[in-house]
Amino acid sequence: MYVCICNALRDKELASASSDARNVAEVFRRCGRRPKCGKCLPDVAKLIEESRERQNGICKLAAE
């Protein structure tokens with residue numbers, strides 16, 4: 001599914017780029033693009049947060 005229409009970026013591509021990303025700008029840099037209209041920024045931020053939650057879950061499981 002397309003998340004960023006302006007840059008034709010799909011959810012899987014953005015999810016991959018969001019792994020260990022500190023912010024939305026970093027995700028776009030990894031994709032070689034820049035945000036344009038900004039409507040997708042909350043969705044990309046959510047992908048970053050989901051990636052962090054997955055990483056934290058993995059770390060918690062490894063610690064147990």
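Scroll up to find the structure this text is about.
Below you will find a few notes about this structure. (Residues numbered from 1 in each chain as written. Predicted model: local features only at pLDDT ≥ 70, side-chain atom pairs only at ≥ 80, totals over all residues. Heavy atoms only, no water.)

Topic: the side chain of Ser18
Link 1 in the chain: As for its placement among the helices and strands, Ser18 is situated in the loop between helix H1 (11-17) and helix H2 (24-30).
Link 2 in the chain: In this structure the side chain of Ser18 is engaged in a polar contact, spanning 2.7 Å, whose partner is the backbone oxygen of Ala15.
Link 3 in the chain: The residues contacting Ser18, other than those within four sequence positions of it, are Val27, Arg30, Leu47, Ile48 and Ser51. (Helix = DSSP H or I, 4+ residues; strand = E, 2+ residues; numbered from the N terminus. Polar contact = N/O pair within 3.5 Å; in protein donor to acceptor, adjacent residues only side chain to side chain. Contact = heavy atoms within 4.5 Å.)

Points about the pattern of salt bridges
Link 1 in the chain: One pass over the structure, following the stated rule, counts two salt bridges.
Link 2 in the chain: Residue Glu26 is joined to Arg22 by a salt bridge in which the shortest nitrogen-to-oxygen separation is 3.2 Å.
Link 3 in the chain: Judged by its relative accessible area of 65%, Arg22 falls in the exposed class.
Link 4 in the chain: Its salt-bridge partner being Glu26, residue Arg30 comes within 2.7 Å of it at the nearest N-O pair. Residue Arg30 and its partner Glu26 are located together in helix H2, separated by four residues, close to a single helical turn.
Link 5 in the chain: Within this structure, Arg22, Glu26 and Arg30 form a network of salt bridges that share partners. (Salt bridge = Lys/Arg side-chain N within 4 Å of Asp/Glu carboxyl O. Buried < 20%, exposed > 50% of the residue type's maximum accessible area, 1.4 Å probe, protein only.)

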